[in-house]
Amino acid sequence: MQFEKTPGWLDWYSGPAKPAFQLPAGAVDAHCHVFGPGAEFPYAPERKYTPCDASKHQLFALRDHLGFEKNVIVQATCHGADNRAMVDALIASNGKARGVATVKRSVTDEEIQAMHDAGVRGVRFNFVKRLVDFTPKDELMEIAGRIAKWGWHVVIYFEAVDLPELWDFFTALPTTVVVDHMGRPDVSLPVDGPQFALFEKFMREHSNVWSKVSCPERLSVSGPKALNGEQHAYRDVIPFAKRIVEQFPDRVLWGTDWPHPNLKDHMPDDGLLVDFIPHIATTPELQRKLLVDNPNRLYWKD
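Worth saying up front: this structure is predicted, and the values here are computed from it rather than measured.

The rules we used
- Residues numbered from 1 in each chain as written.
- Predicted model: local features only at pLDDT ≥ 70, side-chain atom pairs only at ≥ 80, totals over all residues.
- Heavy atoms only, no water.
- Helix = DSSP H or I, 4+ residues; strand = E, 2+ residues; numbered from the N terminus.
- Rg over C-alpha atoms; globule rule 2.2 N^0.38 Å.
- Buried < 20%, exposed > 50% of the residue type's maximum accessible area, 1.4 Å probe, protein only.
- Areas by Shrake-Rupley, 256 points an atom, 1.4 Å probe, with all protein chains shown as cover.
- Lys, Arg positive; Asp, Glu negative; His and termini not counted.
- Charge placed at Lys NZ, Arg CZ, Asp CG, Glu CD.
- 1 Å grid on protein atoms, 1.4 Å probe; cavity = no way out; pocket = protein on both sides within 12 Å on 5 of 7 lines; lining within 4 Å.
- Points joined across faces, edges and corners; volume = space filled by probe spheres on them.
- Nonpolar A, V, L, I, M, F, W, Y, C, P; charged D, E, K, R; others polar.
- Salt bridge = Lys/Arg side-chain N within 4 Å of Asp/Glu carboxyl O.
- Polar contact = N/O pair within 3.5 Å; in protein donor to acceptor, adjacent residues only side chain to side chain.

A. Seen up close, the overall build of the chain. Across its full length, the chain holds eleven helices and eight strands. In terms of overall dimensions, the chain is globule-like: its C-alpha atoms have a radius of gyration of 18 Å, near the 19 Å expected for 302 residues. Referenced to the eigenvectors of the C-alpha coordinate spread, the extents of the chain come out at roughly 45 × 45 × 40 Å. Within the chain, buried positions represent 59% of all 302 residues. Of the roughly 12,400 Å² of accessible surface on the chain, 51% is carried by carbon and sulfur atoms. For the chain, the distance from the average position of its 34 positive side-chain charges to the average position of its 40 negative side-chain charges is 2 Å.

B. Representation of empty space enclosed by the protein within the structure. Evaluation of the coordinates by the stated rule reveals one cavity of 30 Å³ or more. Estimated volume of the largest cavity: approximately 60 Å³. Lining the largest cavity are F158, A160, L163, M182, G183, P185, Q195, F196, L198 and F199. With four residues, the single largest contributor to the lining of the largest cavity is helix 6 (residues 194-205). By residue class, the composition of the lining of the largest cavity is eight nonpolar, two polar and no charged.

C. The arrangement of the pattern of salt bridges in detail. Under the counting rule described, the total for this entry stands at 20 salt bridges. Ionic pairing is found between D88 and K56, a salt bridge with its closest N-O pair at 2.5 Å. Here D88 is found in helix 2 (residues 84-92), whereas its partner K56 is found in helix 1 (residues 56-66), with 32 residues between them in sequence. The partner of K201 in a salt bridge is E205, with the nearest N and O atoms 3.4 Å apart.

D. Main features of the side chain of R184. As for its position among the elements, R184 is in the loop between strand 6 (177-179) and helix 6. Judged by its relative accessible area of 17%, R184 is buried. Of the polar contacts made by the side chain of R184, one reaches the side chain of Y157; its length is 2.9 Å.

E. A look at the layout of surface pockets. Computed from the structure, the second largest pocket encloses a volume of approximately 450 Å³. What lines the second largest pocket is a set of 27 residues, among which R184, R218, P261, N262 and L263 lie closest to the centre. Considered class by class, the residues forming the lining of the second largest pocket number eight nonpolar, nine polar and ten charged.

Rendered as structure tokens:
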């Protein structure tokens, strides 16, 4: 099947730099995706965008180039609840990848078990309205209750302005909860302001809540961008991510977000993105927790 990319789509950066920051042994890229290839794994009819192809082979090549040992592959919304591309990548990884799926209420126990055997360890609930259609919360809660029996967790993707209305639902989830990209704070607001304070309260009061401190390229307003050798990229995001890493060192994860779906402004050099890490996890101990201990505890505990 032939697919035409969404007009203006930015393809991932080819030829990324070798990071100046040397990742600790066993480091995990805990948030990335595969797209298709569409000819083999068609994109979902209900998708809100059509991406470039980004295969498992290209992902694994990037993993090795950057110095990661493992990946956590998160189901991309362009594939809907058809997890075949993601599961295929898990199987091909020889145990070096785990997955986060998107499922519907109709998923069978047999299908959950097959995904578990392939390496899936969580489901993702997306509340970003421009990316997905609304799913009733009772349906999501039912799914969360079912996947909890396999020891899976729930990944939630939302924007900071929506946290107040989603609070009761999130805090009722019966699993570990992993927040994508710090709940997308508005980094033009003060790090000490009420919006980010609510997110900190969410984590502080609920010990089952983890956060990915990833995607500065999505959150940054003033940059500079991770391009042209820039070693101090996305400075405006650093205070937010650093604060979460230091407050909750045992409940943070980091990932590249390769191949960076739906970026409109620029496509970052993934090598320079890795060089963002020591600005937010400033000691070897914090780096090891963020990149090795935490993701292995969550995704490879068995």
